[in-house]
Amino acid sequence: MDLDVVAARLGVPVGEVERVHRLAGDRPSAPLPARADAPALLDRLGVLPDDAAEIMAGWPDPDSPEWTPELRWLLDRSTALVRADLGGHEWLSPGPELPRDRGPAWRHLYVYVYLALVDVVGGYHREHGVAGAVTWATLADLGRNLAIDRRMRGEGWPVMQSWLTLHVRGGLYELGRLQHERAGTAIGLHVPDAGPMSPEAVDASLDEAREFFPRHFPDEHYTAFSCGSWLLDPQLRDYLPEDSNIVRFQRRFELLPYVPADGPDADVEVLRFAFRTLSTPLDRLPRRTVLQRAIIDHLAAGGHWHWRHGRFPL
């Protein structure tokens, strides 16, 4: 297809379409599950009914007028792009950010990419001896992120569509309370929105990871756990009690020197995580928890939060 025409009809920069074309090349895509099987799969992936209904309404049926040739091309090539990096663990954008107000097919195109790759990554997990319970716990982050995006009224998805490619490439595994990313010589830790982060739950997750990676990826050698997050910002200790779960999580890490440009905007990320909004004025945000009050008071006083990196031995 003419990439200039594809970009124009999708309403995205031609450079982003060219990137998809270059990275996908003529590599194989993967088929979507049958429509009849999709509801059960969405339920297993933790997708809530409202999101599941939208996904089914936009399903790429052969006779759907919403699925233009350009949109079908992007679905096919984005799936091929992500599949080509099976086993990868670097940040990967599956394609351009689409105008999401054009209907469910446009809004959920990268969800269909994810669904097309569930069987592919499931096979990858089985080849490495990963238990099905870990596979489904990991992949169910789709439902969690769709629910977050719905709560954020669409403000969350542009980040999430890239984040979720880790799951369907076999680059990340949810083991108990934490998600663990294969990354160089250190296992990268991520904290999903899944309830309290008690020291006992964190310890159990770390112990599980210490056994999981040598068993399933014996050729990879990890010496440390690492994390990059606003949760590691020492400024939080000015506001939170010493026995808070966040402060106790921080104490595990030796912080690396602060580099302002090394990571996303922490002011944005704290609002995304603690309030699930990026557009609500500070004086209208809830102040129900100590953390919420800390975030608001710090920003209202002209302060900024910092994205910090830390490590501790495996």
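In what follows, the accompanying structure is described. (Residues numbered from 1 in each chain as written. Predicted model: local features only at pLDDT ≥ 70, side-chain atom pairs only at ≥ 80, totals over all residues. Heavy atoms only, no water.)

## Details of helix H5 (residues 69-83)
Taking 1.5 Å of rise per residue, the 15 residues of H5 would be expected to cover 21 Å, and the 21 Å separating its terminal C-alpha atoms lies within 8% of that figure. Most of H5 sits out of view: eleven of its 15 residues are buried. Considered for burial, the residues of H5 that qualify are Glu 70, Leu 71, Trp 73, Leu 74, Leu 75, Arg 77, Ser 78, Thr 79, Ala 80, Leu 81 and Val 82. Contacts from the buried residues of H5 go to helix H1 (3-10), helix H2 (14-24), helix H6 (104-107) and helix H7 (109-127). (Helix = DSSP H or I, 4+ residues; strand = E, 2+ residues; numbered from the N terminus. Expected span 1.5 Å × (residues − 1). Buried < 20%, exposed > 50% of the residue type's maximum accessible area, 1.4 Å probe, protein only. Contact = heavy atoms within 4.5 Å.)

## With respect to the nonpolar core
Formed by 49 residues in total, the largest nonpolar core has its most connected members in Leu 45, Ile 55, Leu 109, Leu 115 and Leu 142. For this core, the secondary structure elements donating two or more residues are H1, H2, helix H3 (38-44), helix H4 (49-57), H5, H6, H7 and helix H9 (141-151). A total of eleven residues in this core trace back to one element, the largest contributor, which is H7. Every residue in contact with Ile 55, bar those within four places of it in the chain, is listed here: Leu 42, Val 47, His 108, Val 111, Tyr 112, Leu 115 and Leu 146. Residues Val 202, Ala 209, Phe 225 and Cys 227 belong to the second largest nonpolar core, which totals 41 residues. (Core = buried A, V, L, I, M, F, W, Y, C linked by side-chain atoms within 4.5 Å.)

## Brief notes about the pattern of salt bridges
Applying the stated criterion across every chain yields a total of 18 salt bridges. Two residues, Glu 54 and Arg 150, come together in a salt bridge whose shortest N-O distance is 3.5 Å. Taken together, the residues Glu 54 in helix H4 and Arg 150 in helix H9 connect sequence positions 96 residues apart. Between Asp 203 and Arg 252 there is a salt bridge whose closest N-O contact spans 2.8 Å. One end of the pair, Asp 203, is in helix H11 (residues 199-216); the other, Arg 252, is in the loop between helix H12 (245-250) and strand S5 (254-255), and 49 residues separate them in sequence. Judged by relative accessible area, which is 35%, Asp 203 ranks as partly exposed. Given the relative accessible area of 22%, Arg 252 is considered partly exposed. Through salt bridges with shared partners, a single ionic network connects Asp 51, Glu 54, Arg 107 and Arg 150. (Salt bridge = Lys/Arg side-chain N within 4 Å of Asp/Glu carboxyl O.)

## Looking at the pairing of strand S6 (residues 308-313)
Only one face of S6 is covered, namely the face carrying Arg 308, Gly 310 and Phe 312; the face carrying His 309, Arg 311 and Pro 313 is uncovered. By the bridge criterion, six bridges tie strand S4 (residues 224-229) to S6 in an arrangement that is antiparallel. Residue pairing across strands places Gly 228 opposite His 309, the latter belonging to S6. Relative to S6, S5 runs antiparallel, the two being bridged by two bridges. Paired with Glu 254 across the bridge in S6 is Arg 311. (Pairing = 2+ DSSP bridges.)

## A short note on the side chain of Thr 135
Inspection of the secondary structure assignment puts Thr 135 in helix H8 (residues 132-139). The exposure class assigned to Thr 135 is buried, which follows from its relative accessible area of 8%. Leave out the neighbours within four places in its chain, and Thr 135 touches His 125 and Val 130.

## Describing the packing of H1 against H2
Between H1 and H2, whose axes approach to 8 Å, the crossing angle comes to 120°. Between H1 and H2, the angle is such that the two are oblique. The handedness of the crossing between H1 and H2 is right-handed. Contacts from Leu 3, Asp 4, Val 6 and Ala 7 of H1 reach H2 at Val 14, Val 17, Glu 18 and His 21. (Axes fitted to C-alpha atoms, helices over the stretch in contact; angles between N-to-C directions. Parallel < 35°, antiparallel > 145°, perpendicular 65-115°, else oblique. Left-handed = near helix turned anticlockwise from the far one by under 90°.)

## Notes on the packing of aromatic side chains
Counting across every chain of the model gives 14 aromatic pairs. Residues Tyr 173 and Phe 217 carry aromatic rings whose centres are separated by 5.7 Å and whose planes lie at 50° to one another, so their mutual orientation is tilted. With Tyr 173 in strand S1 (residues 172-175) and Phe 217 in the loop between H11 and S4, the pair connects residues that are 44 residues apart, well separated along the chain. Pair check on accessibility: Tyr 173 and Phe 217 agree, each one buried. Of the aromatic side chains, those joined through ring pairs into one cluster are Tyr 173, Phe 212, Phe 213, Phe 217 and Tyr 222. Across the ring face of Trp 106, the terminal group of Arg 102 is positioned such that the distance to the ring centre comes to 4.4 Å. For Arg 182, the ring lying beneath its charged end belongs to Phe 217, and the centroid distance is 4.0 Å. (Phe/Tyr/Trp six-rings, centres within 6.5 Å; stacked < 30°, edge-to-face > 60°. Lys NZ or Arg CZ within 6 Å of the ring centre and 35° of its normal.)

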